[in-house]
Amino acid sequence: EARMLASARPRGGFDFSLCGRNEVIRQAAAGATGTMPRAMKTGTTLAGAIFNGGIVLGADTRATEGTVVADKNCEKIHYIAPNIYCCGAGTAADTEHTTALIASQLKLLQLNTGAGSRVVTAMTLLKRMLFRYQGHISAALILGGVDTTGAHLYTVWPHGSTSKLPYASMGSGSLAAMSVLESSYKEDMTEEECMELVKEAISAGVFNDLGSGSNVDLTVIRDDQSVTRHRNYTTPNDVGPLRALVQAPSVKTIPRGATQILSQTVTLSDVQVEVEGMERLST
Amino acid sequence: RILNKMMLAGASAGTQRTQSPIVTGTSVLAVKYDGGVLMIADTLGSYGSLARFTDLRRVRSVGDFTLVGGSGEYSDFTYLMEMLDAEVRDHRMEDDGFVATPESIYSLLRFSMHARRNKFDPLWNSVIIGGRRNGETFLGTVSMIGTAFEEEFLATGFGGHLAIPIMRKHWRPDMPEGEARALLETCARVCYYRDCRSINRLTLAKISDEGPVVSEPYQLETKWDYRLFVQPKAGAETGGSW
């Protein structure tokens, strides 16, 4: 109960213990640029939609560090509970650790109560933590899942506000994704229709937003709380075929005799070499 | 830096520099179709966050071959339209067979906008020029700093983020007019849903071989009653809301 979650519960008030360390880093970097090292952001297009029978969550797979792509195929749909998943946009470290922390808290709660996790619980834990940090944790999330009260889809903003919606998009590509959702969403879709809709929404972000790219991941959570994760559901930016065109296999496999031998001299070395007992590395 | 300061100071004490717009229009959308260009914009003039003027005509015809639509500062758009109307009038008065064509209007706007930007006194508009003449269709845009290019479909402002993804997916060459209109209206609907500075009162304009036509304002059908929007969210049983 209360004691179990004490380690995760804060002491109260705001924690400014890292401000000193931040200042030291800022001073240290002053010689170079005078600015803090850039966080790895996820740029991102996220989308989610409710259909007649569950929820589909979608995300792109590009992680950016400024204007450079840091990871071409990262995973942005995070596990929260067997029946709850969370897409994360913003600073990659923040979304990763925040969702992991709340997943851990939910697991403890599930063990303590013996009941399944509810989406609203995850949403409440997330918003309380994010509000405490006043937006400094840059995590913009789409939280979705199915529990005993039904299918629910929430957006959670870095400052701690939430919205409960039938369809949602987040991230730098959210306008592109939302334009697809607004023009094509209908109530009581089938699973296939909803997957197609969310895939199109993410694809709009992938191709029209520079902060998003590479592949589309989907996760389907159904009313019976079964989950199907479609990692790399579509890979519309696969450069494999292009790479294959420019590869020159003949350079890698040079046949014997390709280089003409002009002359050959064999000399025996007079250096004595002794091999002593070798030590094994412990494994 | 010293040169910049001198330029910003202005040639004379009475010089005004437009640094921020006051009454603004939002997105203008346009597509080429089989036979010409369709262009749409709402009739709102925003005064910051106030929906102050609800009957501004931001898509207009210029001469017999061209439509011009503008977003941004409405007074600068009016000034541009007066300049273009004078251009058309001057050609007619010259009576030498030359007319204001879509390309010539595009070039004039491109030069003017860039020239004003060079004087640090831009006309705070994004303009779309659509035209049809001698069986050829023209569609181009000029921004407030003079960036100009031609495309098959265009959008200014918020439309760039909301409408262009849909146009890139669904536009194809030589669309029939009905399909092109449906595409534009789908995009305009999304812009109305998601752009705070918009209203559901639009003018649609067409330029074809029959000449320019600008419609009177009309409304789009919108849907606000999805079950999950309407049913109460806050509640112990079904889960909380914000």
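Residues numbered from 1 in each chain as written. Chains lettered and ligands numbered in written order. Predicted model: local features only at pLDDT ≥ 70, side-chain atom pairs only at ≥ 80, totals over all residues. Heavy atoms only, no water.

1. Section: the overall build of chain A
When helices and strands are counted, chain A shows 7 helices and 12 strands. The 283 residues of chain A split such that 41% are buried. The long-range share in chain A, meaning contacts at least 24 apart out of those at least 6 apart in sequence, stands at 61%. On chain A, roughly 16500 Å² of surface is accessible, and the fraction owed to carbon and sulfur atoms is 55%. (Helix = DSSP H or I, 4+ residues; strand = E, 2+ residues; numbered from the N terminus. Buried < 20%, exposed > 50% of the residue type's maximum accessible area, 1.4 Å probe, protein only. Contact = heavy atoms within 4.5 Å. Areas by Shrake-Rupley, 256 points an atom, 1.4 Å probe, with all protein chains shown as cover.)

2. A look at unusual backbone geometry
Residue and element names in this part refer to chain A. One non-glycine residue, Gln 134, lies in the positive phi region at around 50 degrees. Tracing the chain through its elements places Gln 134 in the loop between helix H3 (119-132) and strand S7 (139-147). Given a relative accessible area of 37%, Gln 134 falls into the partly exposed group.

3. Considerations on the environment of Thr 253 of chain A
Residue and element names in this part refer to chain A. When you line up the elements, Thr 253 lands in the segment after helix H7 (249-252). On the accessibility criterion, Thr 253 (57% relative accessible area) is exposed. Separated by 68 residues in the primary sequence, Thr 253 and Tyr 185 place their C-alpha atoms 54 Å from one another.

4. Topic: the pattern of salt bridges
All names here are of chain A. Overall, the coordinates contain 20 salt bridges over all chains when judged by the stated rule. Linking Asp 217 and Arg 231 is a salt bridge whose minimum nitrogen-to-oxygen distance equals 2.6 Å. Of the two residues, Asp 217 sits in strand S11 (residues 216-222) while Arg 231 sits in strand S12 (residues 227-234), which places them 14 residues apart along the sequence. By relative accessible area, which is 4% here, Asp 217 ends up buried. (Salt bridge = Lys/Arg side-chain N within 4 Å of Asp/Glu carboxyl O.)

5. So, the sheet that holds strand S5 (residues 77-81) of chain A
Residues and elements named next belong to chain A. A sheet is described by the order of its strands in space; here 5 strands give the open sequence S5-S6-S7-S8-S9, paired in antiparallel fashion. The outermost strands of the open sheet, each flanked by one partner alone, are S5 and strand S9 (162-164). Shown here is a sheet whose adjacent strand axes are inclined to one another by a mean of 20 degrees, direction ignored. Note: strand S6 (residues 84-90) against S7, 7 bridges, orientation antiparallel. The residue of S7 that forms the bridge with Cys 86 is Leu 143. In the packing of H3 onto the sheet, contacts are made with S5, S6, S7, strand S8 (150-156) and S9, and the angle to S7 comes to roughly 160 degrees. (Pairing = 2+ DSSP bridges. Axes fitted to C-alpha atoms, helices over the stretch in contact; angles between N-to-C directions.)

6. Quick look at the confidence of the model for chain B
Atom-level detail of predicted coordinates should not be read off regions where pLDDT is low. For chain B, per-residue confidence averages 92 on the pLDDT scale, and residues scoring 70 or more make up 89% of the total. Interface scoring of the predicted complex returns ipTM 0.86; its pTM is 0.82. (pLDDT = per-residue confidence, 0-100.)

7. Considerations on the side chain of Thr 45 of chain A
Residue and element names in this part refer to chain A. Among the structural elements, Thr 45 can be located in the loop between helix H1 (19-29) and strand S1 (46-51). Engagement of the side chain of Thr 45 in a polar contact is seen with the side chain of Ser 212, the distance being 2.7 Å. Discounting chain neighbours no more than four positions away, the residues touching Thr 45 are Gly 58, Ala 59, Asp 60, Met 170, Gly 173, Ala 177, Ala 201, Ile 202, Gly 205, Val 206, Asp 209 and Ser 212. (Polar contact = N/O pair within 3.5 Å; in protein donor to acceptor, adjacent residues only side chain to side chain.)

8. Description of helix H5 (residues 177-194) of chain B
Here H5 of chain B contains 18 residues, and its C-alpha end-to-end distance of 26 Å stays within 8% of the 26 Å for a straight helix at 1.5 Å per residue. Within H5 of chain B, burial applies to Ala 180, Leu 183, Leu 184, Glu 185, Cys 187, Ala 188, Val 190, Cys 191 and Tyr 193 of chain B. In this fold, the buried residues of H5 of chain B make contact with helix H4 (174-184) of chain A together with strand S2 (28-33), strand S3 (36-42), helix H4 (159-170) and strand S12 (202-208) of chain B. (Expected span 1.5 Å × (residues − 1).)

9. A short note on the interface of chain B and chain A
Listed as interface residues are 23 residues of chain B and, on the opposing side, 26 residues of chain A. Carbon and sulfur atoms make up 57% of the area that chain B and chain A hide from each other, which totals about 2100 Å². Remark: the boundary between chain B and chain A carries 3 salt bridges. With its nearest N and O atoms 3.4 Å apart, the salt bridge here joins Glu 200 of chain A to Lys 169 of chain B. Joining chain B to chain A, the criterion identifies 7 residue pairs in polar contact (both at pLDDT 80 or more). Contributing elements (two or more residues each) for the side of chain B that touches chain A: H4, H5 and helix H6 (227-230) of chain B. In terms of residues, the side of chain B that touches chain A owes the most to one element, H4 of chain B, which gives 6 residues. (Buried area = accessible area lost by both parts, 1.4 Å probe.)

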